[in-house]
Amino acid sequence: MKTYETRHSAFRLTPCTYGLSRLSFRGPRRPTDGRYVAVLGGSDTLARYVAKPYPDLMETAIGEVCVNLGVQAAGPDVYLNDPALQSLRHDAAATVIQLPGAMNLSNDFYKVHPRRNDRFTAPTDKLIQLFPEVDFSEVSFTGHLVARLRSVDEARFALVRAALQSAWVCRMVQLVENVPGPVLLLWFASRSPDGPGQGQNPCHEPVFVTDQMVEALRDHVDDIIEVIAQRGEVEGLSFAPLDTLAAQDALGLAAHQAAARALRGAVMHALDI
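Quick caveat: nothing in here was measured; it's all calculated off a predicted structure. (Residues numbered from 1 in each chain as written. Predicted model: local features only at pLDDT ≥ 70, side-chain atom pairs only at ≥ 80, totals over all residues. Heavy atoms only, no water.)

Q: Residues and numbers for the layout of surface pockets, please.
A: Take a probe with the size of a water molecule and roll it over the atoms, and the empty space left behind shows itself. In this structure, the largest pocket spans a volume of roughly 870 Å³. The wall of the largest pocket is formed by 38 residues, among which S43, D44, A73, E205 and D249 lie closest to the centre. Contributing elements (two or more residues each) for the lining of the largest pocket: α1 (43–46), α6 (142–152) and β10 (183–189). With four residues, α6 is the largest single contributor of residues to the lining of the largest pocket. The residue inventory of the lining of the largest pocket, partitioned by class, reads 20 nonpolar, eleven polar and seven charged. (1 Å grid on protein atoms, 1.4 Å probe; cavity = no way out; pocket = protein on both sides within 12 Å on 5 of 7 lines; lining within 4 Å. Points joined across faces, edges and corners; volume = space filled by probe spheres on them. Helix = DSSP H or I, 4+ residues; strand = E, 2+ residues; numbered from the N terminus. Nonpolar A, V, L, I, M, F, W, Y, C, P; charged D, E, K, R; others polar.)

Take a look at the structure:
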């Protein structure tokens, strides 16, 4: 059990599990034997520095159980590879999916860990042939891999980025089509989908995702909600001094409140309440 403290507040994150999943989620565990909304997402859905992230605020606002299934640095693979999570998604009355980045997923050029999607596990022969000068044994994380490839040759890396973007669309279509109930996508970021850079900068979450990629999903889901908020606002967050930089990179309390407000009407409509 971890405690995150600042001069503002302190709270405890108690991990919990659901079914036979090998993943740990943010507790307390929510009941799944009745009607519930499944909320999938990455680090900003897990929200380790926020006492009440948007799934909790949404649960209070709509009066329905909202199960926070956020996973640190998750890509679509973590939800597609876990049978217990597939069962949870299947049984949910509605599903909210925070749009992930396109860096943390297996593709034609490299493989990632099935549960820790930010972990680089191996290059494919295609990547070795494209970047023969790179020693991949020194790389452990996708962010490190992307930075290394870009520094070696931006033009060759553009081929990798295009493969990531294509794989992301295919994987996200697979993810949303495997959900029988209403599906809402949440763009929860500090940039707009069609903003400057158009998903080219790996420092801008969701990494490498463009407005065209998001629009490719529109016919497969019930709604797409945009919430754009600034990072770096730590007022109301709880974190240890060593976590200051990570907390400054997270979406803050005001962002989560905005997300809950934006989702409220769409989720209530999806649940017919």
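Q: Lay out empty space enclosed by the protein with the relevant residues and their values.
A: Using the criterion set out here, one finds one cavity of 30 Å³ or more in the structure. Considering only enclosed or pocket space, the largest cavity measures out at about 50 Å³ in volume. As for the largest cavity, its lining consists of L40, G41, A74, G75, P76, Y79, I97, Q98, P100, M172 and L175. For the lining of the largest cavity, the secondary-structure elements that each account for two or more residues are β5 (36–41), α3 (76–80), β7 (94–98) and α7 (154–177). Among the residues forming the lining of the largest cavity, the class breakdown is eight nonpolar, three polar and no charged.

Q: Help me get a handle on the nonpolar core, residues and values and all.
A: By size, the foremost hydrophobic cluster in this structure holds 60 residues, and its most contacted members are L69, Y110, V160 and W168. Ranked by the residues each element gives to this core, the list is headed by α7, at eleven residues. Judged by nonpolar contacts, the second largest core, of 23 residues, contains V96, F188, A229 and M268. (Core = buried A, V, L, I, M, F, W, Y, C linked by side-chain atoms within 4.5 Å. Buried < 20%, exposed > 50% of the residue type's maximum accessible area, 1.4 Å probe, protein only.)

Q: Outline the packing of α6 against α7, supporting the account with residue identities and numerical values.
A: Packing of α6 against α7 leaves a shortest axis separation of 6 Å and a crossing angle of 140°. If you check the angle between α6 and α7, you find them oblique. Where α6 crosses over α7, the handedness of that crossing is right-handed. Here V146, L149, R150 and V152 of α6 come into contact with α7, specifically with E154, R156, F157 and V160. Broken down by class, the residue content of the contact of α6 with α7 amounts to five nonpolar, no polar and three charged. (Axes fitted to C-alpha atoms, helices over the stretch in contact; angles between N-to-C directions. Parallel < 35°, antiparallel > 145°, perpendicular 65-115°, else oblique. Left-handed = near helix turned anticlockwise from the far one by under 90°. Contact = heavy atoms within 4.5 Å.)

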